[in-house]
Amino acid sequence: MDPELLERITARRAELDELEEQLAKQLAEVRAERDELAIAERVLERVSEQLADERASAAPAPGQVGGRAVMLIPHRTPDMEETMLRPDYQRILAAVRQAAGPVMARQVGEMLGVDVTVRSELEPLRGRLVRRVDRGWLRKLPDGRFTTRL
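Nothing here was measured: the structure is a model prediction, and the numbers come from that model.

### Notes on the overall build of the chain
Helix and strand content of the chain: 4 helices and 4 strands. Order of helices (α) and strands (β) in the chain, N terminus to C terminus: α-β-β-α-α-α-β-β. Looking at the chain as a whole, 20% of its 150 residues are labelled buried. Counted over contacts in the chain with a minimum sequence separation of 6, partners at least 24 positions apart contribute 40%.

### Re the pattern of salt bridges
In this structure the tally under the stated criterion is 4 salt bridges. The partner of Arg-86 in a salt bridge is Asp-88, with the nearest N and O atoms 3.1 Å apart. Since its relative accessible area comes to 33%, Arg-86 is described here as partly exposed. Of the residues examined, Asp-88 reaches a relative accessible area of 29% and is grouped as partly exposed. When the shortest N-O distance is used, the salt bridge between Arg-145 and Asp-143 registers 2.6 Å. For Arg-145, a relative accessible area of 29% gives the class partly exposed.

### Structural notes on the nonpolar core
Counting residues in each nonpolar core, the largest one holds 19 residues, and the members touching the most others are Val-96, Val-108, Leu-112, Leu-125 and Leu-129. For this core, the secondary-structure elements that each account for two or more residues are helix H2 (87-98), helix H3 (105-112) and helix H4 (119-134). Top contributing element to this core by residue count: H2, with 5 residues.

### Quick notes on the packing of aromatic side chains
With the rule as written, the count across this model stands at 0 aromatic pairs. Between the NZ or CZ atom of Arg-86 and the centre of the ring of Tyr-89, over which it lies, the distance is 5.1 Å. The ring of Tyr-89 carries Arg-132 above its face, with NZ or CZ at 4.0 Å from the centroid.

### Points about the packing of H3 against H4
At a minimum axis separation of 9 Å, H3 and H4 run at an interaxial angle of 105 degrees. Judged by the angle between their axes, H3 and H4 are roughly perpendicular. Together, Ala-105, Arg-106, Val-108, Gly-109 and Leu-112 of H3 and Leu-122, Leu-125, Arg-126 and Leu-129 of H4 make up the contact between the two elements. Looking at side-chain class alone, the contact of H3 with H4 contains 6 nonpolar, 1 polar and 2 charged residues.

### Points about the packing of H2 against H3
When two helices pack together, their arrangement is captured by the angle between the axes and the distance separating the axes. Taken N-terminus to C-terminus, the directions of H2 and H3 make an angle of 115 degrees; their axes are 9 Å apart at the nearest point. The angle between H2 and H3 falls in the class roughly perpendicular. Viewed along their axes, H2 and H3 form a crossing whose handedness is right-handed. Here Arg-91, Ile-92, Ala-95 and Val-96 of H2 lie close against H3, whose contacting residues are Val-108, Met-111 and Leu-112. Of the residues assigned to the contact of H2 with H3, the class counts are 6 nonpolar, no polar and 1 charged.

### Regarding the side chain of Thr-147
If you trace the backbone, Thr-147 turns up in strand E4 (residues 146-148). Every residue in contact with Thr-147, bar those within four places of it in the chain, is listed here: Val-96, Pro-102, Leu-138, Arg-139 and Leu-141.

Conventions we followed
- Residues numbered from 1 in each chain as written.
- Predicted model: local features only at pLDDT ≥ 70, side-chain atom pairs only at ≥ 80, totals over all residues.
- Heavy atoms only, no water.
- Helix = DSSP H or I, 4+ residues; strand = E, 2+ residues; numbered from the N terminus.
- Buried < 20%, exposed > 50% of the residue type's maximum accessible area, 1.4 Å probe, protein only.
- Contact = heavy atoms within 4.5 Å.
- Salt bridge = Lys/Arg side-chain N within 4 Å of Asp/Glu carboxyl O.
- Core = buried A, V, L, I, M, F, W, Y, C linked by side-chain atoms within 4.5 Å.
- Phe/Tyr/Trp six-rings, centres within 6.5 Å; stacked < 30°, edge-to-face > 60°.
- Lys NZ or Arg CZ within 6 Å of the ring centre and 35° of its normal.
- Axes fitted to C-alpha atoms, helices over the stretch in contact; angles between N-to-C directions.
- Parallel < 35°, antiparallel > 145°, perpendicular 65-115°, else oblique.
- Nonpolar A, V, L, I, M, F, W, Y, C, P; charged D, E, K, R; others polar.
- Left-handed = near helix turned anticlockwise from the far one by under 90°.

Below, the structure is given as structure tokens:
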């Protein structure tokens, strides 16, 4: 065997061994970083789920009625702001609050621009007012008038 060729083979083998060692080290670093990323991903996923759950419990929840999506009115709690309600719900509460005193559904309808002479437009408004009473946003007096809870 040619000693020069044997020396070149030995040198190349040493180079490849060193390269293999470097690559193995880099591979270990890549795997460690991937593991860290997987952990970070799981943490982010959990935090996102928790935030989504908190938002869902604080915001009005969508529901289904007759196959149509509707927004349910959340029950009022001491820490819940009116701003959590849909804008049309906020307008109804504002109309009742702006009145000089307790108001009938017809008066609220007039303030909101509803054609109160048409029963099919006034009754849904009355229903919305009653739902706000049921959820604690308004109060209904025995004579049928509505007022704010405050």
